[in-house]
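Reading the structure
Below are the chains, spelled out letter by letter.
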Amino acid sequence: MILSSSSSSSSSSTSSSATSFLVPVAQTTRIQAYSISLNPESTQQRVDMYLPKAVFVGHALEGVRVADNGVDGYRQSMAKALRLGLESMNNGQSQQQQQQVIAVLDDDFRVTKDFETQWRRLSKSTQCYHNTLLTGGVVLLGVTVWDSGFWNKVDSRPQQHIHDGLCMDAHQFVRGSFASLFSRKAAEMALEWMAHTPSDRPFDWFWMDYVDLGYPVRGVVQPPLMVADVEHQSLVDPNRTPSNKKGITANEQRVDAAYRHKLHRWGDVDNYVPPSGIEKRTNNNSNNNNNSNNNNNSNSNNNNNNNNNSNNNSIILFLDKMTEHTHKHR
């Protein structure tokens, strides 16, 4: 899902030079929301029913299917969203361009029931929202942290890890790109990163590469504003959840979802809408796609070993190129 915004009210004039960063979206601005999905019709219904209308104007947009590589399909869908958002910015009025951000959300987004209250809280946060976007960063409306030990470190020193009682800096354990707000700079850099990294490299690995360049990536964790619906099989990585196990029951899926919510610190499953697992996400061809993904995943270790040098070289080229760009324009 891609979100771009334009202010409906007049704003103060700001520099429009190529090196300037975006001013965050005004709290009163409704955000155009383009939901990228393999089943746009179903996703449009989801957007119309559950995306907060006080904040967003929702539209469904067809994503990219890659039969033998779910990660690549996700990357291409992400690139499509970011390019569309940047094009929308470039076509806007000059003063409004400086008030735009782009967000990308997965089609299975779930929204906290008190989203509007939490959104107002986030949009007023200097550290988590304004400073992050003003300096070319990314705001994650929710994150997945798989290492439970990291939360012990956060709990022991919350003042060191939690900003404005709301968000934390991205680190090596942060994953998830299901709900991400990009500044223009971050969107442009993400496109460059995808152009210089292998197609089987998960998109959310961009976060740490971007942090290494000196840009902020911060995730909203107390509480997350959005989470992913984990009561279904992942289309990107079918082995991620147990829903692909033969004979698994709906109750077992929900038990696993409760475990995921606890591990990621998302709070209670029922704190979010829509209800989990309520829709069919793809058409009948998804079974073939998932089978191909399973075959691809079973060979992933060999592929990763064969591509290891290529991956490292690609990242080095990206970091070298982007570091040079950063020194010139920051």
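Residues numbered from 1 in each chain as written. Predicted model: local features only at pLDDT ≥ 70, side-chain atom pairs only at ≥ 80, totals over all residues. Heavy atoms only, no water.

The subject of this paragraph is the nonpolar core. Of all hydrophobic cores here, the largest spans 37 residues; its most connected members are Leu82, Met168, Phe182, Phe203, Trp207 and Tyr210. Elements with a minimum of two residues in this core: α2 (70-91), β4 (102-105), β6 (138-140), α6 (148-156), α8 (184-195) and α9 (206-212). Ignoring sequence-local partners within four residues, the contact set of Phe203 consists of Tyr74, Arg75, Met78, Ser177, Phe182, Ala190, Trp193 and Met194. With 32 residues, the next largest nonpolar core counts Val101, Phe115, Leu122 and Cys167 among its residues. (Core = buried A, V, L, I, M, F, W, Y, C linked by side-chain atoms within 4.5 Å. Buried < 20%, exposed > 50% of the residue type's maximum accessible area, 1.4 Å probe, protein only. Helix = DSSP H or I, 4+ residues; strand = E, 2+ residues; numbered from the N terminus. Contact = heavy atoms within 4.5 Å.)

Below, the discussion takes up the side chain of Asp204. Among the structural elements, Asp204 can be located in the loop between α8 and α9. No salt bridge is formed by the buried Asp204, whose closest oppositely charged neighbour, Arg175, lies at an N-O distance of 4.4 Å. Residue contacts for Asp204: discarding those within four places in its chain leaves Arg175, Gly176 and Ser177. (Lys, Arg positive; Asp, Glu negative; His and termini not counted. Salt bridge = Lys/Arg side-chain N within 4 Å of Asp/Glu carboxyl O.)

Our focus in this paragraph is the pairing of strand β5 (residues 109-112). Successive residues of a regular strand alternate their side chains across the two faces of the sheet. Pairing geometry for β5 and strand β13 (residues 226-228), over three bridges, is antiparallel. Counterpart to Val111 in the pairing with β13 is Met226. (Pairing = 2+ DSSP bridges.)

Further remarks concern the confidence of the model for the chain. In the predicted model, the chain carries a mean pLDDT of 74, and the fraction of residues at 70 or more is 64%. The model gives residues 94-98 a pLDDT under 50, and that stretch makes 16 contacts with residues more than four places away or in other chains. The low-confidence segment residues 279-311 (pLDDT under 50) makes 49 contacts with residues lying over four places distant or belonging to another chain. (pLDDT = per-residue confidence, 0-100.)

For the pair α2 and α8, the least separation of the axes is 10 Å and the interaxial angle reads 140 degrees. The orientation of α2 relative to α8 falls into the category oblique. With respect to the hand of their crossing, α2 and α8 are arranged in left-handed fashion. Only Arg184, Ala187, Glu188, Ala190, Leu191, Trp193 and Met194 of α8 make contact with α2, whose side of the interface consists of Arg75, Met78, Ala79, Leu82, Arg83, Leu86, Met89 and Asn90. Classifying every residue of the contact of α2 with α8 gives ten nonpolar, one polar and four charged. (Axes fitted to C-alpha atoms, helices over the stretch in contact; angles between N-to-C directions. Parallel < 35°, antiparallel > 145°, perpendicular 65-115°, else oblique. Left-handed = near helix turned anticlockwise from the far one by under 90°. Nonpolar A, V, L, I, M, F, W, Y, C, P; charged D, E, K, R; others polar.)

This next bit is on the state of the cysteines. Per the counting criterion, the structure on display carries one disulfide. The disulfide bridge from Cys128 ends at Cys167, spanning 2.1 Å between sulfur atoms. Disulfide Cys128 to Cys167: torsion about the S-S bond roughly -90 degrees, handedness left-handed. Taken together, the residues Cys128 in helix α5 (residues 126-134) and Cys167 in strand β9 (residues 167-169) connect sequence positions 39 residues apart. Given the relative accessible area of 1%, Cys128 is considered buried. Assessed through its relative accessible area of 1%, Cys167 is described here as buried. (Disulfide = S-S within 2.5 Å.)

Attention now goes to the sheet that holds strand β14 (residues 272-273). Taken together, three strands build an open sheet; the order of strands is β13-β5-β14 and the sheet is antiparallel. Each end of this open sheet is capped by a strand with a single partner; those strands are β13 and β14. In this sheet, β14 lies alongside β5 in antiparallel orientation, the contact comprising two bridges. Residue pairing for β14: Val111 is matched across the bridge by Val273.

With that settled, consider the packing of aromatic side chains. According to the stated counting rule, one finds 14 aromatic pairs in the structure shown. Taken together, a centroid distance of 5.9 Å and an interplanar angle of 15 degrees make the contact between Phe115 and Trp119 stacked. A residue pair is termed a helical-turn pair when its members lie 3 or 4 positions apart in one helix, as Phe115 and Trp119 do in helix α4 (residues 115-123) at four residues. Classification of Phe115 by relative accessible area gives buried; the value is 2%. Judged by relative accessible area, which is 4%, Trp119 ranks as buried. Every member of this aromatic cluster is reached through a ring pair, and the members are Phe182, Trp193, Phe203, Phe206, Trp207, Tyr210 and Tyr215. Above the face of the Phe109 ring, Arg46 is positioned so that its terminal group lies 5.5 Å from the ring centre. (Phe/Tyr/Trp six-rings, centres within 6.5 Å; stacked < 30°, edge-to-face > 60°. Lys NZ or Arg CZ within 6 Å of the ring centre and 35° of its normal.)

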